[in-house]
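In case you want the letters, here they are:
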Amino acid sequence: ALHPWAPREALRAMRSQLRNIAESVDRLAVATDDRALLLLQYLCTREDRNEVLPVVDASAPLAYRYPLAEHVLRASSAETLDVLDDLAEHELLAGRLVDRLFLCPDCNGCRVPVKELCPECKTPNVGTQDSIHHFRCGYVGPESEFIASGRPVCPKCDEELRHIGVEYNRPGRVVICHECGHWASEPDLCAWCIDCNAYYSPEILKVARVSRFRITRGGMQAAQVGRWD
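In this text, all values refer to a predicted model and were calculated from it rather than measured experimentally.

Caption draft 1: How the structure looks around the overall build of the chain. Along its length, the chain carries six helices and 13 strands. By residue count, 33% of the 229 residues in the chain fall in the buried class. Within the structure as shown, the chain displays about 14,400 Å² of accessible surface, and the carbon and sulfur contribution to it stands at 50%.

Spelled out as structure tokens, the structure:
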């Protein structure tokens, strides 16, 4: 789109672009009422815009939409994606990966945030703490266990800890549950489908590819002759 008071040079460039599009359209065979073929013909005549690009839309089934293709195909987001995938499968479009999404294995929804849960009671009310390793007795636990009495004392052997690096060290952080007190080196990871209100292991989530699509040489030939053979 041009500003109403666009410079003369911009108007000349737009006129040249429109002339090129018109000449490209004139060289095409008359399209049938096949909307997928019409999409290929549209891409064939736009040298600088011969790609179908996804845009983020939280309301779409896969959080992405293809507005241009939806408009040409007069189809929903899901139907449009099926057509684009079919054209890519027949090598009339070439897909280039933009994003990978994880989907619910039951409803195919993409609203599946991953939660950290307590391995023992499965509550999400967990946090992290530094761990302490007492050299003499070998006990390892969260820092809160060692300072329960107000001074650093090993909860296993009751020996007071004074010198870090000599009597004890801090090997890393642990996850501790604020509900049951259980602690572990790692939390349980679970994917929560908001739509199903169900938990799933991340390993069983489905994977969906979101791509941008460019017309291929085969797609150009189909567009030019106006048929699929």
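Caption draft 2: Quick look at the sheet that holds strand E1 (residues 51-52). Across the sheet, three strands lie side by side as E1-E13-E4; this open sheet has antiparallel pairing. Every other strand in the sheet has two partners, leaving E1 and strand E4 (93-103) as the edge strands with one partner each. Of the pairings in the sheet, the one linking E1 to strand E13 (residues 206-215) comprises two bridges and is antiparallel in character. The partner of Val-52 across the bridge, within E13, is Phe-213.

Caption draft 3: How the structure looks around the nonpolar core. Leu-39, Leu-40, Val-52, Tyr-66, Ala-69, Leu-84 and Leu-93 are the most contacted members of the largest nonpolar core, which has 25 residues in total. Counting residues per element, the ones that place at least two in this core are helix H2 (35-44), helix H3 (67-73), helix H4 (77-89), E4, E13 and helix H6 (217-225). In terms of residues, this core owes the most to one element, H2, which gives five residues. Setting aside its immediate chain neighbours within four residues, Ala-69 contacts Leu-39, Val-52, Arg-74, Thr-80 and Leu-84. Counting six residues, the second largest nonpolar core, distinct from the first, contains Cys-104, Ala-191, Tyr-200 and Leu-205.

Caption draft 4: Region of the structure containing the environment of Glu-116. Following the sequence through the fold, Glu-116 ends up in strand E5 (residues 114-117). Beyond its immediate stretch of four places on either side in the chain, Glu-116 contacts Thr-123, Pro-124, Val-126, Pro-187, Asp-188 and Leu-189.

Caption draft 5: Inspection of the sheet that holds strand E11 (residues 188-193) at higher detail. The strand order E5-E11-E12 describes an open sheet built from three strands, whose pairing is antiparallel. If you trace the sheet from one side to the other, it starts and ends with E5 and strand E12 (198-200), each paired once. Strand-to-strand twist across the sheet, computed as the mean angle between neighbouring axes with direction ignored, equals 45°. Across four bridges, the pairing between E5 and E11 is antiparallel. When the sheet's bridge partners are listed, Glu-116 is paired in E11 with Leu-189.

Caption draft 6: Representation of the packing of aromatic side chains in the model. For the coordinates displayed, the defined rule picks out two aromatic pairs. When the ring of Tyr-66 is compared with that of Phe-213, the centres are 5.9 Å apart and the planes differ by 55°; the resulting orientation is tilted. In this pair, Tyr-66 is assigned in the loop between strand E3 (64-65) and H3 and Phe-213 in strand E13, connecting sequence segments 147 residues apart. The pair formed by Tyr-66 and Phe-213 is uniform in burial state, with each residue classed as buried. Look at Tyr-139 and Phe-146: their rings are 5.9 Å apart centre to centre, the planes differ by 45°, and that puts the pair in the tilted class. Since its relative accessible area comes to 22%, Tyr-139 is described here as partly exposed. Taking relative accessible area as the criterion, Phe-146 reaches 1% and is therefore assigned buried.

Rules of the game
Residues numbered from 1 in each chain as written. Predicted model: local features only at pLDDT ≥ 70, side-chain atom pairs only at ≥ 80, totals over all residues. Heavy atoms only, no water. Helix = DSSP H or I, 4+ residues; strand = E, 2+ residues; numbered from the N terminus. Buried < 20%, exposed > 50% of the residue type's maximum accessible area, 1.4 Å probe, protein only. Areas by Shrake-Rupley, 256 points an atom, 1.4 Å probe, with all protein chains shown as cover. Pairing = 2+ DSSP bridges. Core = buried A, V, L, I, M, F, W, Y, C linked by side-chain atoms within 4.5 Å. Contact = heavy atoms within 4.5 Å. Axes fitted to C-alpha atoms, helices over the stretch in contact; angles between N-to-C directions. Phe/Tyr/Trp six-rings, centres within 6.5 Å; stacked < 30°, edge-to-face > 60°.

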